[in-house]
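Residue-level listing of the chains:
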Amino acid sequence: GQQVQQSPASLVLQEGENAELQCNFSSTATRLQWFYQRPGGSLVSLLSNPSGTKHTGRLTSTTVTKERRGSLHISSSQITDSGTYLCAMEPGANTGKLTFGHGTILRVHP
Amino acid sequence: EAAVTQSPRNKVAVTGGKVTLSCNQTNNHNNMYWYRQDTGHGLRLIHYSYGAGSTEKGDIPDGYKASRPSQENFSLILELATPSQTSVYFCASGDAGGAGDTQYFGPGTRLLVL
């Protein structure tokens, strides 16, 4: 079946540093989505990106579907950015079905 | 902001018992989804629905049934619960299609099957 690989598995930063999270998927995707999850909490959508580059606040998502990869860049990290970042691919157009990676655990220290 | 609620938030069940997890969304989304989240497996899709009266099998449907009696409500049913179904279950809603579409998740239900 479809697989989504995220790297690194975990990342520790000093406040103010930038983070680059990677996502690779095994089959054709029509869209990549990025979600944030606080420990013990629910998921919150960050960015939905079919291709190219999208920005929101300090977040930049880049999706290269033909190369089956994507990334999430977090600039000027803050302590409140700590948590798990999940990448999900949508394999078919307009299905809404998502396949998730296992996530990258981010810890930001003061 | 989309509102998705789940009940119960925590549940302890016995092996062989019936468990029903409920989900309600107030945003008139056509699509609803049930996932489970386990360490080492991430989130996996169990069942989903494209609208009232429809249910579709996801990636791991065995041992689960789903019911979508209305646009707002989507239930996940474990007819004969087993310890392997101990997990955190998330419901989500959304409308597929379009560049900005995403899924809105409920707070999750922690299920422990003894």
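The preceding data block contains the structure.
Every chain is numbered independently, its residues counted from 1 as its sequence is written. Throughout, the order in which chains and ligands are written sets their labels, letters from A for the former and numbers from 1 for the latter. For this predicted model, a pLDDT threshold of at least 70 governs which residues receive local features, and a threshold of 80 or more governs which side-chain atom pairs are given and counted, while totals over whole chains, interfaces and linings are taken from all residues. For the side-chain quantities, the full set of heavy atoms in the structure was used; hydrogens and water were omitted.

Chemist: Before we go on, may I ask you to explain the overall build of chain A in this structure?
Modeler: Broken down by element type, chain A carries zero helices and eleven strands. Counting from the N terminus, the helices are the DSSP runs of H or I reaching at least four residues and the strands are the DSSP runs of E reaching at least two. In sequence order, the secondary structure elements of chain A are arranged as β-β-β-β-β-β-β-β-β-β-β. Relative to the compact-globule value of 13 Å for 110 residues, chain A shows a C-alpha radius of gyration of 13 Å, a close match. Overall size of chain A, expressed as C-alpha extent along the three principal axes, is 40 × 30 × 20 Å. Only heavy atoms matter for contacts: two residues are in contact if any of them lie within 4.5 Å across the pair. Sequence-distant contacts in chain A: of pairs separated by 6 or more residues, those separated by 24 or more amount to 56%. To measure how exposed things are, a 1.4 Å probe is used in the Shrake-Rupley method; for residues, cover is taken only from the protein chains shown. Split by element, the accessible area of chain A, about 5000 Å² in all, is 49% carbon and sulfur. The centroid of the 9 positive side-chain charges in chain A is displaced by 10 Å from the centroid of its 6 negative side-chain charges. Our radius of gyration looks at C-alpha atoms and nothing else; its globule reference is 2.2 Å times the residue count to the power 0.38. For the purpose of charge, His is not counted, nor are the chain termini; Lys and Arg are scored as positive and Asp and Glu as negative. For the purpose of locating charges, the reference atoms are NZ of Lys, CZ of Arg, CG of Asp and CD of Glu.

Chemist: Is there a simple way to think about the overall build of chain B in this case?
Modeler: Counting its regular elements, chain B contains zero helices and eleven strands. Here the C-alpha radius of gyration of chain B, 13 Å, is about what a compact globule of 114 residues would show, namely 13 Å. Its C-alpha atoms give chain B principal-axis dimensions of roughly 40 × 30 × 25 Å. Buried residues in chain B amount to 51% of all 114 residues. Sequence-distant contacts, at least 24 apart, represent 55% of the contacts inside chain B between residues at least 6 apart. Here chain B contributes 9 positive and 9 negative side-chain charges, whose respective centroids are spaced 10 Å apart. Relative accessibility decides the category of a residue: with a 1.4 Å probe and only protein chains considered, values under 20% of the type maximum give buried, values over 50% give exposed, and everything between is partly exposed.

Chemist: Quick question: what am I supposed to make of the layout of surface pockets here?
Modeler: Put simply, the grid is 1 Å and covers the protein atoms alone, a cavity is a trapped set of points that fit a 1.4 Å probe, a pocket is an open set with protein on both sides within 12 Å along at least five of seven lines, and lining residues have an atom within 4 Å of a point. Grid points are joined across faces, edges and corners, and a volume is the space filled by probe spheres set on the points. As a volume, the largest pocket reaches approximately 590 Å³. Forming the walls of the largest pocket are 29 residues, and the residues nearest its centre are A:Gln37, A:Gly40, A:Thr84, B:Gln37 and B:Thr39. Of all the secondary structure elements, the ones that give two or more residues to the lining of the largest pocket are β9 (83-90) and β11 (104-109) of chain A together with β4 (31-38), β9 (87-94) and β11 (109-113) of chain B. Classification used: nonpolar for Ala, Val, Leu, Ile, Met, Phe, Trp, Tyr, Cys and Pro, charged for Asp, Glu, Lys and Arg, polar for all others including Gly. The residue inventory of the lining of the largest pocket, partitioned by class, reads eight nonpolar, 16 polar and five charged.

Chemist: I tried to follow the sheet that holds strand β1 (residues 4-7) of chain B on my own but got confused; where do I start?
Modeler: Strand pairing in a sheet takes place through backbone hydrogen bonds and is either antiparallel or parallel in direction. Residue and element names in this part refer to chain B. As summarised here, the arrangement of the four strands in space is β1-β3-β8-β7, forming an open sheet in which the pairing is antiparallel. On the outer flanks of this sheet lie β1 and β7 (65-67), each paired with one strand and no other. Averaged over all adjacent pairs, the angle separating strand axes in this sheet is 20 degrees, with direction ignored. Strand pairing is assigned whenever DSSP detects at least two bridges linking the two strands. Pairing between β1 and strand β3 (residues 19-25): four bridges, direction antiparallel. Note that in β3 the partner of glutamine 6 across the bridge is cysteine 23. Only the contacting stretch of a helix is used when fitting its axis, a line to C-alpha atoms as for every element, and angles between N-to-C directions run 0 to 180 degrees.

Chemist: Explain the environment of A:Glu15 here, please?
Modeler: All names here are of chain A. Checked against the element boundaries, glutamate 15 lands in the loop between β2 (10-14) and β3 (19-25). Sequence separation of glutamate 15 and serine 76 is 61 residues, and the distance between their C-alpha atoms is 7.1 Å. Apart from the residues within four sequence positions on either side, glutamate 15 is in contact with Ser77, Gln78, Ile79, Val108, His109 and Pro110.

Chemist: Any chance you could explain the nonpolar core here in plain terms?
Modeler: Nonpolar side chains tend toward joint burial in soluble globular proteins. We define a nonpolar core as any set of buried Ala, Val, Leu, Ile, Met, Phe, Trp, Tyr and Cys residues linked to one another through side-chain atoms lying within 4.5 Å. If you look at the biggest cluster of nonpolar residues, it comprises 19 residues, and the most contacted ones within it are A:Leu72 and A:Tyr85. For this core, the elements supplying multiple residues, two or more each, are β3, β4 (31-37), β8 (69-74), β9 and β11 of chain A. The dominant element in this core, judged by the number of residues it contributes, is β3(A), at four residues. A:Tyr85 has contacts with A:Gln6, A:Leu21, A:Phe35, A:Tyr36, A:Leu46, A:Leu72, A:Ile74, A:Gly103, A:Thr104 and A:Leu106, leaving out every residue within four places of it along the chain. In this structure, B:Val4, B:Leu21, B:Cys23 and B:Ala81 belong to the second largest nonpolar core, which totals 18 residues.

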